[in-house]
Amino acid sequence: MKKALCLLLIFIAFPFFGGMAAEETTVVASFYPVYILAKNVLNDVEGVNLTSMTAPSTGCLHDYQLVTGDMRALSQASALLVNGAGMESFLPDIQAQFPDLPIVDCSQGVELICHEAHDHAHEHEHDHGEYNAHIWLNPKNAMRMVENMARELSLLLPDAAEKIDQNARDYIARLEEVDRELTAAIEALPHKDIVTFHEAFPYFAKAYGLHVAAVIALEPDEPISPKMLAEVIAAVKAAGNPPLFLESQYESAALKAVSQETGAPVYELDPLVTGDGALTAYEDAMRKNLQVLKEALK
């Protein structure tokens, strides 16, 4: 009887002790590219739940409006990782709602590029800030972003600091290899002029000596007036009809119209704002873009 009573007490107590396990630390990334970098930094770090505030299919956060699900995710967060450079225009709303939430600006130390002063007037109402925020598309900037988040996450998770540091160093080594591949291959290409769908690639172009001859739109959803379209067509013709680059995440009737009018061929570059969430997503996208550029600029 006493033995049975002891067993009963053990079974009753077990759920109680099981519930005393340490709670997970939730780290939230603002959108897909920040999430991919953070996923590598936090790879195999125990007790951490990394989530992306926005769905992987969201794309760039141009004019993004916070929804209830975002606020719910942030209410459980111990830190929010943001791209910075003006990408997350909704940050003041988050700071007002969660004044004690640590926000890690991953753009710290990155040399920012001002938005291009294109020849044609962009007649839009979007407030896209002073600087171009697509910093992650230069691998060297991605490395700096990794360093920034690793430093802050080590402070947040001191018991895992050594693992986080090792992850960051290993990931940076992989990004350095990608950077070397891009540098060598693009330098050897005979042509350097490109025309992009929206203003996503200035950091990439500057890193590898490419020249963005024209941009169809500053933002993906920017309406293109007939006057603006005519001025883009003229700029493309003046540049010798270099290749045009779509982005798989967005449709662009204007870019297709430019191609029809000029005869410039159309290719596709990935700005890495959507994907499958693989640890190698950044390297995979960059190497795929390199193959496209080698074909387009040969």
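Criteria and thresholds
- Residues numbered from 1 in each chain as written.
- Predicted model: local features only at pLDDT ≥ 70, side-chain atom pairs only at ≥ 80, totals over all residues.
- Heavy atoms only, no water.
- pLDDT = per-residue confidence, 0-100.
- Contact = heavy atoms within 4.5 Å.
- Axes fitted to C-alpha atoms, helices over the stretch in contact; angles between N-to-C directions.
- Helix = DSSP H or I, 4+ residues; strand = E, 2+ residues; numbered from the N terminus.
- Parallel < 35°, antiparallel > 145°, perpendicular 65-115°, else oblique.
- Nonpolar A, V, L, I, M, F, W, Y, C, P; charged D, E, K, R; others polar.
- Pairing = 2+ DSSP bridges.

Undergrad: Quick question: what am I supposed to make of the confidence of the model for the chain here?
TA: Should the pLDDT be low somewhere, the predicted coordinates at that spot are not to be read in detail. Mean pLDDT over the chain stands at 89; residues scoring 70 or higher make up 88%. Counted against residues more than four places away or in other chains, residues 1-21, with its pLDDT under 50, gives zero contacts. The model gives residues 118-126 a pLDDT under 50, and that stretch makes 25 contacts with residues more than four places away or in other chains.

Undergrad: What exactly am I supposed to notice about the packing of helix α6 (residues 161-187) against helix α10 (residues 281-296) here?
TA: Where α6 contacts α10, the axes come no closer than 10 Å and their chain directions differ by 5°. Taken together, the axes of α6 and α10 are roughly parallel relative to one another. On α10, the residues that touch Y171, R174, L175, E177, V178, E181, L182, A185 and I186 of α6 are Y282, E283, M286, R287, L290, L293 and K294. Taken together, the residues of the contact of α6 with α10 break down into ten nonpolar, no polar and six charged.

Undergrad: Honestly, the sheet that holds strand β2 (residues 48-52) in this entry has me stumped. Any pointers?
TA: Backbone hydrogen bonds are what pair the strands of a sheet, in a parallel or an antiparallel way. Spatial strand order, β2-β1-β3-β4: four strands in an open sheet with parallel pairing. With partners counted over all chains shown, the strands left at the sheet margins are β2 and β4 (103-105), one partner each. Across the sheet, the mean angle from the axis of one strand to that of its neighbour is 20°, orientation sign disregarded. Bridge count between strand β3 (residues 79-82) and β4: three bridges; the pairing is parallel.

Undergrad: So what exactly am I meant to see when it comes to the sheet that holds strand β10 (residues 266-268) here?
TA: Pairing is parallel across the open sheet formed by four strands, whose spatial order is β8-β7-β9-β10. In the strand order of this sheet, the two ends are held by β8 (211-217) and β10, each with one partner. Within this sheet the neighbouring strands show an average axis-to-axis angle of 30°, counted without direction. Looking at chain direction, strand β9 (residues 244-246) and β10 are connected through three bridges and run parallel. Its bridge partner being in β10, F245 is matched across the sheet by Y267. Against the sheet, α10 makes contact with β9 and β10, and its axis sits at roughly 165° relative to β10, the strand it touches most.

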